[in-house]
Amino acid sequence: MKSIKTVGIVMMLLMFGSNIAQQHLDPEYVKVTNERAAKIVVKLDLKNEAKEKAVSNIIAQQFRDLSEIQDGRDTEIKKVKEDTSLAKEKQNEKIDKLKAKADESIAKLHKSYLKKLGKELSEDKITEVKDGMTYGVLPITVAGYNDMLPNLTAEQKEYIYNALVEAREHAMDAGSSKEKHGWFGKYKGRINNYLSKQGYDLNKESSEWHKRIEEREKNKGKDATSKE
């Protein structure tokens, strides 16, 4: 009789745990992460259905794992902020610890994720995944700097590229589009400070660049009209 009760309790605990997992992994959310991953993978042009599925699953799971850490962090931070018994200084101290703990978990997850991708993809393809997760901001921004400042030296180009690579590593782990763009914005600020120290008047360069872009667009319009 005792063993039957024990089995019953174990079964209840297993069912309870299963319900928690199912609640956390909302089917709609799983669908969204799968779709996001599939959009990234289709651009890789792997020409291998099994590999496509494997890579898609790795990316989708990464989205879900990041969300779990970030949502847990945010929930705990909310509780701290709502705890009126804590002084503001104590609240900030607890919040900083929660953020640091989450950052540590995300850093470990980041390494594990890249290791999993490395078993399926070449470095070039992993780079494409990184760009896919960050809306292609890195190549777009590099092209923008090169177009705005055509006389950049090799050293300056390298600095810009390396700074944006670092930004992308952080942006990959960000939980929202705003946060992803925020990381690139932070590093673009560093790049602009660097270029200013290198003697560039970025306000002037930017203004002249936009004039060149407008001129190009006008010329495109003229070309299209003449072809008609």
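Cut-offs used in this document
- Residues numbered from 1 in each chain as written.
- Predicted model: local features only at pLDDT ≥ 70, side-chain atom pairs only at ≥ 80, totals over all residues.
- Heavy atoms only, no water.
- Axes fitted to C-alpha atoms, helices over the stretch in contact; angles between N-to-C directions.
- Helix = DSSP H or I, 4+ residues; strand = E, 2+ residues; numbered from the N terminus.
- Parallel < 35°, antiparallel > 145°, perpendicular 65-115°, else oblique.
- Nonpolar A, V, L, I, M, F, W, Y, C, P; charged D, E, K, R; others polar.
- Buried < 20%, exposed > 50% of the residue type's maximum accessible area, 1.4 Å probe, protein only.
- Contact = heavy atoms within 4.5 Å.
- Salt bridge = Lys/Arg side-chain N within 4 Å of Asp/Glu carboxyl O.
- Left-handed = near helix turned anticlockwise from the far one by under 90°.

Caption draft 1: Region of the structure containing the packing of helix H3 (residues 49-82) against helix H4 (residues 88-118). The N-to-C vectors of H3 and H4 enclose an angle of 175°; their axes lie 9 Å apart at closest approach. Relative to H4, the element H3 lies roughly antiparallel. A per-class count over the contact of H3 with H4 returns 14 nonpolar, 5 polar and 7 charged.

Caption draft 2: Molecular detail of the side chain of Gln 62. Counting through the fold element by element, Gln 62 comes out in helix H3. When its relative accessible area of 3% is taken as the criterion, Gln 62 is described as buried. Once residues lying within four places of it in the same chain are set aside, the contact partners of Gln 62 are Leu 109, His 110, Tyr 113, Met 133 and Asp 173.

Caption draft 3: Fine view of the pattern of salt bridges. Taken as a whole and assessed by the stated rule, the structure comprises 12 salt bridges. The shortest N-O distance in the salt bridge between Glu 120 and Lys 51 comes to 3.4 Å. Separated by 69 residues along the polypeptide, Glu 120 in the loop between H4 and helix H5 (123-133) and Lys 51 in helix H3 bring together distant segments of the chain. Judged by its relative accessible area of 25%, Lys 51 is partly exposed.

Caption draft 4: Representation of the side chain of Gln 70. For Gln 70, the position within the fold is in helix H3. Setting aside its immediate chain neighbours within four residues, Gln 70 contacts Ile 106, Asp 173, Ala 174 and Gly 175.

Caption draft 5: Here's a closer look at the packing of helix H6 (residues 137-148) against helix H8 (residues 177-197). Contact geometry for H6 and H8: axes closest at 12 Å, N-to-C directions at 25°. As far as their axial angle goes, H8 and H6 are roughly parallel. Both H6 and H8 take part in a crossing whose hand is right-handed. Each of Val 137, Leu 138, Thr 141 and Tyr 145 in H6 lies in contact with H8, whose residues at this interface are His 181, Phe 184, Lys 188, Ile 191, Asn 192 and Leu 195. For the contact of H6 with H8, the class distribution of residues is 6 nonpolar, 3 polar and 1 charged.

Function cannot be read off these values alone, since they describe shape.
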